[in-house]
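Descriptive analysis of the structure
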Amino acid sequence: MGLTEVSILVVAVLFLSLGAGLWVALALILTAIAALMTRPALPDAQILATSFWSASTAWDLTALPMFVWMGEILFRSRLSEDLFAGLSPLMRRLPGRLIHVNVVGCAVFAAISGSSAATTQTIGKISLPELEARGYDRRLSIGSLAGSGTLGLLIPPSIILIVYGAAVNESIARLFIAGVVPGILLALLFMGFVAAVALIKPQTMPDNVDQLAAESSFSAFKRVLPTILLILGVIGSIYGGIASPTEAAVIGVVLALLVVTFQGGMSRAVFTDALMAATRVSAMIAFILAGAAVVTTAMGFTGLPRQLAGVIAAMALSPFALLFALTLFFMVLGCFLDGISMVVLTTSVVMPLVEQAGFDLVWFGIYLVIVVEMAQITPPVGFNLFVIQGLTGQNIFAIARATAPFFGLLALMVVLLALFPDLALFLPRTMFTGG
């Protein structure tokens, strides 16, 4: 069977499996089996078993369950209430006032969650009712939350960066640190847009000055101080070379338990629920990664990635043209798949092209995450849109329209990252590795 026929078979099996509602991991394994069956001389069972086991025992994945557990613990705390109460007095003097709480709150929670959906849900369940009650423009409130919620994928610790690092055998610590500056810059772009709207369209802000609890900015800051210390403990330990990502994840779990205990929210039920939820999420991601490893191995034996790389090379695309083509490809794919599935499905095919074009794999990981962020707010399968629909009950396409300006800002961030690669690469070069 020629490579063209193999390509058609692989794509057909994958989409039929996904369309039939199979788990992504099982769909990947079936696709790998179909690809290997086109090469009868290969020991299919041995290849499948070896690839699956190697991916399941990868040391890089040990950080994953701990970071997920940390996020689940804090998701069940009163952190979102403290963030809103603590940030509101600090934001009310800026143009856009309390809308900025959506952006800054999501950025802060992203640094302890690693999940876009969890960030959007946790901040939104407090901020949206408060903003609506105070008379803020609903469209701007929803759009800023949906856009800022995507920061959960970029600002470390990011689950999707762990998945990418494991898939391409890249340093997770360097990927984490590479996401810091783009994440902060993206949050500033969102805040700048909110401020501009508030100045150009004053009607989007309530006429009355927000009536907030009479507390000083210092008292408000004390509410978010435990969260800031937790972030510094996790990210600072990685950047300073004190801890590996896995060790930093353990530090994060311990600090999260201390924060929730200090808040008075720790109980046996909270501890157990967080642990079981983290176990389910981690097992699901690990299963998908194992299935992706099997597909990657099978694709290597068929020769499809090499052929595709050769076709692209023959087109003599410039690096920027290739990047533009990949951006369109990922955006279309993101309309139908979640971020983790996008990464694991495309790694075996895209990485040869990326390496041939000379892109730094750490830089490309940050670029890929930002494109996946765009997919999170793109209908019909924008996960953040579904989260906000559950919070507000509004039509999914109305939410997408409200989010459109923030989609544009994410696209602008992709352009800035392409023009100025050091936005992602400067901090990793300055890391202390202890070597």
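Note that residues are indexed from 1 along each chain, following the sequence as it is written. Only residues with pLDDT of at least 70 get local features here, since the model is predicted, and only at 80 or more are side-chain atom pairs given and counted; chain-wide, interface and lining totals rely on the full set of residues. With hydrogens and water set aside, each side-chain value is computed from the structure's full complement of heavy atoms.

Quick notes on the overall build of the protein chain
So the rule is basically this: Segments assigned H or I by DSSP are reported as helices when at least four residues long, segments assigned E as strands when at least two residues long, and all are numbered from the N terminus. Each residue is placed in one exposure class: buried if its accessible area under a 1.4 Å probe, protein chains only, is under 20% of its type's maximum, exposed if it is over 50%, and partly exposed if it falls in between. We call two residues in contact whenever any of their non-hydrogen atoms come within 4.5 Å of each other. Using the Shrake-Rupley algorithm and a 1.4 Å probe, accessible areas are obtained, with residue cover drawn only from the displayed protein chains.
Within the protein chain, the regular secondary structure consists of 22 helices and zero strands. Each of the 435 residues in the protein chain was classed as buried or not, and the buried ones make up 52%. Residue pairs in contact within the protein chain that sit at least 24 positions apart in sequence constitute 79% of those at least 6 positions apart. Of the roughly 18,200 Å² of accessible surface on the protein chain, a fraction of 70% belongs to carbon and sulfur atoms.

What to know about helix α7 (residues 116-133)
Here is the rule we go by: Between the first and last residue of a helix there are one fewer steps than residues, each counted as 1.5 Å, and that sum is the expected span. What we call the bend at a residue is the angle made by axes fitted to the seven residues finishing there and the seven residues starting there.
Here α7 contains 18 residues, and its C-alpha end-to-end distance of 25 Å stays within 8% of the 26 Å for a straight helix at 1.5 Å per residue. At Gly 124, α7 is deflected by roughly 45°, the largest bend along its length. Among the residues of α7, Ser 116, Thr 119, Thr 120, Thr 122, Ile 123, Gly 124, Ile 126, Ser 127, Leu 128 and Leu 131 are the ones counted as buried. Gly 135 sits one or two residues past α7 and shows a positive phi near 90°.

Comments concerning the side chain of Ser 148
The topology assignment puts Ser 148 in helix α8 (residues 138-149). With residues up to four places along the chain from it excluded, the contact list for Ser 148 reads Asn 102, Val 103, Cys 106 and Phe 190.

Quick word on the environment of Ala 195
Its location among the elements puts Ala 195 in helix α12 (residues 180-200). For Ala 195 and Arg 97, which are 98 residues apart along the polypeptide, the C-alpha to C-alpha distance reads 8.2 Å. In this structure Ala 195 touches Pro 95 and His 100, once residues within four positions along its chain are discounted.

Points about the packing of helix α20 (residues 383-392) against helix α21 (residues 396-419)
For clarity, the threshold we go by: Orientation is described by axes fitted as lines to C-alpha atoms, over the contacting stretch for helices, and by angles from 0 to 180 degrees between their N-to-C directions. Should the near helix be turned anticlockwise from the far one by less than a right angle, the crossing is left-handed, and should it be turned clockwise, the crossing is right-handed. Ten residue types, Ala, Val, Leu, Ile, Met, Phe, Trp, Tyr, Cys and Pro, are classed as nonpolar, four, Asp, Glu, Lys and Arg, as charged, and the remainder, Gly among them, as polar.
Where α20 contacts α21, the two axes come as close as 10 Å, and the packing angle between them is 115°. Both α20 and α21 take part in a crossing whose hand is right-handed. Mapping the contact onto sequence places Leu 385, Phe 386, Ile 388, Gln 389 and Thr 392 in α20 and Ile 396, Ile 399, Ala 400 and Thr 403 in α21. Considering only residue class, the contact of α20 with α21 consists of six nonpolar, three polar and no charged.

Brief notes about the pattern of salt bridges
Two side chains bearing opposite charge may form a pair once their charged atoms approach each other closely. Stated precisely, the cut-off is as follows: Each salt bridge in this description consists of a side-chain nitrogen of Lys or Arg and a carboxyl oxygen of Asp or Glu lying within 4 Å of one another.
For the structure on display, the rule yields four salt bridges. Between Arg 138 and Glu 132 there is a salt bridge; the shortest N-O distance is 2.4 Å. Residue Arg 138 is classed as partly exposed on the basis of its relative accessible area of 40%. Taking relative accessible area as the criterion, Glu 132 reaches 48% and is therefore assigned partly exposed. Of the charged contacts in the structure, one is a salt bridge between Arg 174 and Glu 170, with a shortest N-O distance of 3.6 Å.

Let's talk about the packing of aromatic side chains
To describe a pair of aromatic rings, one takes the distance between the centres and the angle between the planes. Here is the rule we go by: Two rings from Phe, Tyr or Trp (for Trp, the six-membered ring) form a pair when their centres sit within 6.5 Å of each other. Planes less than 30 degrees apart are called stacked, planes more than 60 degrees apart edge-to-face, and all others tilted.
This model, assessed by the stated rule, comprises eight aromatic pairs. Ring centres of Phe 364 and Tyr 367 lie 5.2 Å apart, and the angle between their planes is 45°; this geometry places the pair in the tilted category. In this pair, Phe 364 and Tyr 367 both sit in helix α19 (residues 361-376), three residues apart, roughly one turn of the helix. Tyr 367 carries the same exposure label as Phe 364, and that label is buried. Connected via pairs of aromatic rings, a cluster forms that spans Phe 359, Trp 363, Phe 364 and Tyr 367.

Section: the environment of Phe 15
As for its position among the elements, Phe 15 is in helix α1 (residues 3-19). Along the chain, Phe 15 and Thr 31 lie 16 residues apart, while their C-alpha atoms are 9.3 Å from each other.

Re a nonpolar patch on the surface
To be explicit about the condition: Each patch is built from residues lacking any salt bridge and having more than 30% relative accessible area; the joining distance is 9 Å for like charges and 5 Å for nonpolar side chains (Val, Leu, Ile, Met, Phe, Trp, Tyr).
A surface patch of nonpolar side chains, about 420 Å² in accessible area, is lined by Leu 90, Phe 221, Leu 225, Leu 229 and Leu 232. No other element matches the four residues that helix α13 (residues 217-239) contributes to the nonpolar patch. With respect to the helices and strands, Phe 221 occurs in helix α13.

Quick word on the nonpolar core
The line we're drawing: Residues enter a nonpolar core if they are buried and are Ala, Val, Leu, Ile, Met, Phe, Trp, Tyr or Cys, with the set joined through side-chain atoms within 4.5 Å.
Membership of the largest hydrophobic core comes to 140 residues, with the highest contact counts inside it found for Met 70, Leu 74, Tyr 164, Phe 330, Trp 363, Phe 364 and Tyr 367. In terms of residue count, the dominant contributor to this core is α19 (13 residues). Setting aside chain neighbours within four positions, we find Phe 364 in contact with Tyr 164, Leu 326, Phe 330, Val 350, Met 351 and Val 354.

Notes on the environment of Met 342
By secondary structure assignment, the location of Met 342 is in helix α18 (residues 339-357). Distance from Met 342 to Leu 368, taken between C-alpha atoms, is 9.7 Å for residues 26 residues apart in sequence.

Notes on helix α15 (residues 268-302)
Taking 1.5 Å per residue, 35 residues should reach 51 Å; α15 reaches 51 Å between its end C-alpha atoms and fits that length. Positive phi shows up at Gly 303, right after α15, with a value of about 85°.

Here's the deal with the packing of helix α6 (residues 99-113) against α8
Inclusion rule: Angles are sorted into four bins: roughly parallel if under 35 degrees, roughly antiparallel if over 145, roughly perpendicular if 65 to 115, and oblique for all others.
Axis separation between α6 and α8 bottoms out at 9 Å; the angle between their running directions is 10°. Of the possible angle classes, the one that applies to α6 and α8 is roughly parallel. Facing α6, whose interface residues are Ile 99, Asn 102, Val 103 and Cys 106, α8 presents Leu 140, Ser 141, Ser 144, Leu 145, Ser 148 and Gly 149. Here the residues of the contact of α6 with α8 sort into five nonpolar, five polar and no charged.

Things to note about the side chain of Ser 282
With respect to the helices and strands, the residue Ser 282 is situated in helix α15. Discounting residues that sit within four places of it in the chain, Ser 282 has contacts with Leu 64, Pro 65 and Val 68.

Some remarks on unusual backbone geometry
Of note, the amide linkage connecting Pro 156 to Pro 157 takes the cis form, showing an omega dihedral of 0°. Structurally, the position occupied by Pro 157 is in the loop between α9 (151-154) and α10 (159-168).

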